[in-house]
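Single-letter residue listing:
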Amino acid sequence: MNKGPTSSAAPGSAEPVVHGQGGLSYLNASHGIKSWIFTLDHKRIGVMYLVFVLFAFMMGGTFALLLRLELLTPGRDLVDADTYNKFFTLHGAIMVFLFIIPSIPAALGNFILPIQLGAADVAFPRLNLASLYIYAVGAIFALYAMISGGVDTGWTFYTPYSTSTSTAVVPMVMAAFILGFSSIFTGINFIATIHKLRPAGMTMFRMPLFLWALYATSIIQILATPVLAITLLLLGVERWLGVGIFDPAMGGDPILFQHFFWFYSHPAVYIMILPGMGIISELIAAFSHKTIFGYRAVALSSIALALLGFLVWGHHLFVSGQSEFASTVFSFLTFTVAIPSAIKVFNWLATLYRGSIMLATPMLYALAFLFLFTIGGLTGVFLGALSVNIHLTDTYFVVAHFHYVMMGGTVIAFVGGLHYWWPKMTGRMYPEPIAKVVCAIIFVGFNLTFFTQFIMGAKGMPRRYYSYLPEYQPWHVMSTVGSWIIGLGFLIMLVYLLWSLRRGPIAPANPWGALTLEWQTSSPPPLENFKHTPVVSGGPYDFPDET
Amino acid sequence: MEPSSRTDSLFLPIQGSTHAPDVDSLYYFIHYISVFFFVLIMAMMVYFVVVYRRRPGGPKIRQISHNTPLEVTWSVIPLILVAVIFLWGFRGFMDMHIAPRNAMEVHVTGKKWLWAFEHTSGRKESAELHVPVNTPVRLIMSSDDVIHSFFVPNFRIKQDVVPGRYTTLWFQATQLGEHHVFCTEYCGKDHSVMAAKVVVMTPEEFKTWSDKDPDEGMPLAELGAKMYQKNACVSCHSIDGSAVIGPTFKGLFGRSEQLTGGGTVVVDEQYLRESILEPQAKIVQGYQPVMPTYKGTLTERQLNGVIEYIKTIK
């Protein structure tokens, strides 16, 4: 029914340059720890990033499980209030700065982007390695902040709390500051690579949508991250030198910090979600054997989201004391962002129509994404509406909303992409039946954990609460049980992925019959990705009609 | 105005203020639109996956690159809906931010980790705010330390309370009884127990509450000391023996005083009472008759308190 996985008839593909298995791949081209630490190969750097971000995910996830456990009953279950406050701060800071921001771009993107583009590597391989080293230094600072007493400010570091608490704010702020540079370096590299290393025939509008998404993400990383850096530096200056920038006791303005912080952190939401959307476009096209419906609309909506994302930071400040006029403008702009996201969902849906849908694990994650991201997006409409926002903001409704987008969106897409590209990265297949069961476990656990939070949030349960009124307890119990189900799912996934590294079936070059260039080279790819530089003569999803 | 609901709905708490019905209507408007689109999207997704799943003899693939009329439709319909939602939310937001001119004003201070209230009458309370029902109340809020946020779920109102500036909030309570107040801006260790209650009373109950002696139960001498400061007795009568505008209170009780125009009086309870309520009746020699009367200013109990206080200064 479909064309063979490496068919030269597929117009989007390069020349059929599939290598046989057993040849030298990037994994066995050289050996020893030095061959990894000093590698300039984007694939090895991507794999090392993957190991780091998965470790960060486990650490952030452990804090999540601990704080959900503490919330099982209104009173003390496990730790005191100060420790609980550190748990949610570390959960947030680790998940945002060490996991989710680098997860798709720096780990999967580093591995896939040059191959999908048809290039031998990124434009600046040394800068790429430097970005990894900087990430490691940032991670060490974060670890130091944890072992030197932890931080209790929340990941948002709001002043004047963050300038007056006695916890290890400065090391954690330094960590975020340093990690920002790692993110900027990745962004610079991706933009240069996409502009300068496209092979013959690879026009911008022949690029896979994952690359469009990474391109849009890189724009934000370069433009927004320096603002975070200067904000955190000013925070440090206030703490170290007592210069009054944000503290009203010294003549500063605490709301200025919130403007600075969200000027980065709202665009950062798009750093987190855009690459996930890119993966979903790949998955839905590949597993439906369909060209993406409205390819240009999806590609350009990524750029639209990247740019509009800079104009909506004030919707985090509707109750902060900012002027009514500012709040009104930000509410209006926020609703304009809803449209490109809605367009993407409708386009993905239309792509399924008259396709040939294969329900492998990555596709199940893509369908789960559509379910969860749609809820995440629609609940954003509640929060964008000014009068309703006043009631819902700073409650569990917001917590549920951003977990539906960040975890139900980005993490689910990341896991889908991880399974999709696992054969390419490792040369082994993951075990399909158990992977499907785990997808179902995580889906059920996720909804139990977070849907209940919408309800208790709308009923008034504030976020960042160590204890709560007894009337909220049933929802908290369900949410905590859900977190155990999610934890179980990821634990099984960890086991079977590690198992598959040695015992998984050998992966063919193109197990999914996809057309993008990474599937036209061997699994795992050779050192410089292709034997011959590919020549591109069509779009990335030019699957043929069936007659 | 829509009637407010006394019981909580599936998603929202009871409607305790005039803001609540409008906020809830918009909430449920968005809710039903969301449910409609979510069900539509999921139904189509499931239908496509079932009908077009890959299987021998399944439907043939048909590539469709785009369909401009369809794409314009699904861009414009959401645009219209969010425009309606924006305007509705904006209207409600402005209503929340423009307090009626006749609103009763209360000053609110947030500090780690309690809420303190001061009525314009000078009446102070903490962790409880008493207000009359169906009366607009405007809160003028500031923080003593870090940022806090004043949230009354039943009233659908929330506003950050920031050090170094005022923020304001207003509501008109429609339901009698107690309504929870939460702090919703993270402020450290006891953030989650920085709670208070708005106690909504009938106007009659509120008047009784307002008039009630807040110092009930305080020892009389202590009450007197408070009145001595509060009513500015301190500016004319010292307690250290020095003569200011009037005689010192030190050792006053039981002393024998020479009066202007002759005669003496022994300072006892009756003399002190008379001097506070009718200061010109008997003037001690060497002092001017300048003291105002405290008749109507001090309650009977406060008067007793002042006398007991004077007795303690020896």
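Along each chain, numbering runs from 1 in the same order as the chain's sequence is written. Written order determines the labels here, with chains lettered from A and ligands numbered from 1. Note on the predicted model: pLDDT of at least 70 is required for a residue's local features to be given, and 80 or more for side-chain atom pairs to be given and counted; whole-chain, interface and lining totals, by contrast, use all residues.

1. So, helix α6 (residues 300–312) of chain B
As a reminder of what qualifies: Runs of H or I in DSSP of at least four residues are treated as helices and runs of E of at least two as strands, each being numbered from the N terminus. To estimate how far a helix should reach, multiply one less than its number of residues by 1.5 Å. Counting other C-beta atoms within 10 Å of a residue's own tells you its class, since 20 or more makes it buried, 12 or fewer makes it exposed, and anything in between is partly exposed; those C-beta atoms are placed from the backbone.
Across its 13 residues, α6(B) extends 19 Å between first and last C-alpha, which sits within 8% of the 18 Å expected from 1.5 Å per residue. Restricting attention to buried positions, one finds in α6(B) the residues B:Q302, B:L303, B:G305, B:V306, B:I307, B:Y309 and B:I310.

2. Considering the sheet that holds strand β8 (residues 167–172) of chain B
All names here are of chain B. For the record, the criterion: Strands pair, by our definition, only if DSSP identifies at least two bridges between them. Helix axes are fitted to C-alpha atoms over the stretch in contact, other axes to C-alpha atoms as well, and angles between N-to-C directions run from 0 to 180 degrees.
Here five strands make up an open sheet; going across it, the order is β3-β2-β1-β5-β8 and the pairing mixed. Of all strands in the sheet, those with a lone pairing partner are β3 (124–126) and β8, marking the two edges. If you compare each strand with its neighbour and ignore which way they point, the axes differ by 25° on average. Taken together, the six bridges between strand β5 (residues 136–143) and β8 define a ladder with antiparallel strand orientation. Residue pairing for β8: V137 is matched across the bridge by F171.

3. What about the interface of chain A and chain B?
Going by this rule: Note that contacts rest on C-beta atoms placed from the backbone: two residues are in contact if these are within 7 Å. All amino acids are sorted into three groups, where Ala, Val, Leu, Ile, Met, Phe, Trp, Tyr, Cys and Pro are nonpolar, Asp, Glu, Lys and Arg are charged, and the leftover types, Gly among them, are polar.
Taken together, the 72 residues of chain A in the interface contact 72 residues of chain B. Breaking the side of chain A that touches chain B down by element, the ones donating at least two residues are α3 (81–117), α5 (161–164), α8 (254–288), α9 (295–308), α10 (324–352), α11 (361–384), α12 (386–392) and α14 (432–458) of chain A. Looking at the side of chain A that touches chain B, the element that brings in the most residues is α10(A), giving 14 residues. Residue composition of the side of chain A that touches chain B, grouped by class: 43 nonpolar, 20 polar and nine charged.

4. Brief notes about the confidence of the model for chain A
Threshold: Residue-level confidence of the predictor is summarised by pLDDT, bounded by 0 at the bottom and 100 at the top.
Per-residue confidence for chain A gives a mean pLDDT of 93, with 96% of residues at or over 70. The low-confidence segment residues 1–21 of chain A (pLDDT under 50) makes 58 contacts with residues lying over four places distant or belonging to another chain.

5. So, the nonpolar core
The test is simple: We define the nonpolar core as any set of buried residues of the types Ala, Val, Leu, Ile, Met, Phe, Trp, Tyr and Cys, connected via C-beta atoms lying within 7 Å of each other.
Core analysis: the biggest nonpolar cluster contains 238 residues, and A:I94, A:M172, A:A175, A:A368 and A:F369 have the highest contact counts within it. The biggest single contributor to this core is α3(A), with 22 residues. Those residues in contact with A:A175 that lie beyond four places of it in its chain are A:F97, A:G138, A:F141, A:A142 and A:A145. Grouped together as the second largest cluster of nonpolar side chains are eleven residues, B:L223, B:A225, B:M227 and B:I313 included.

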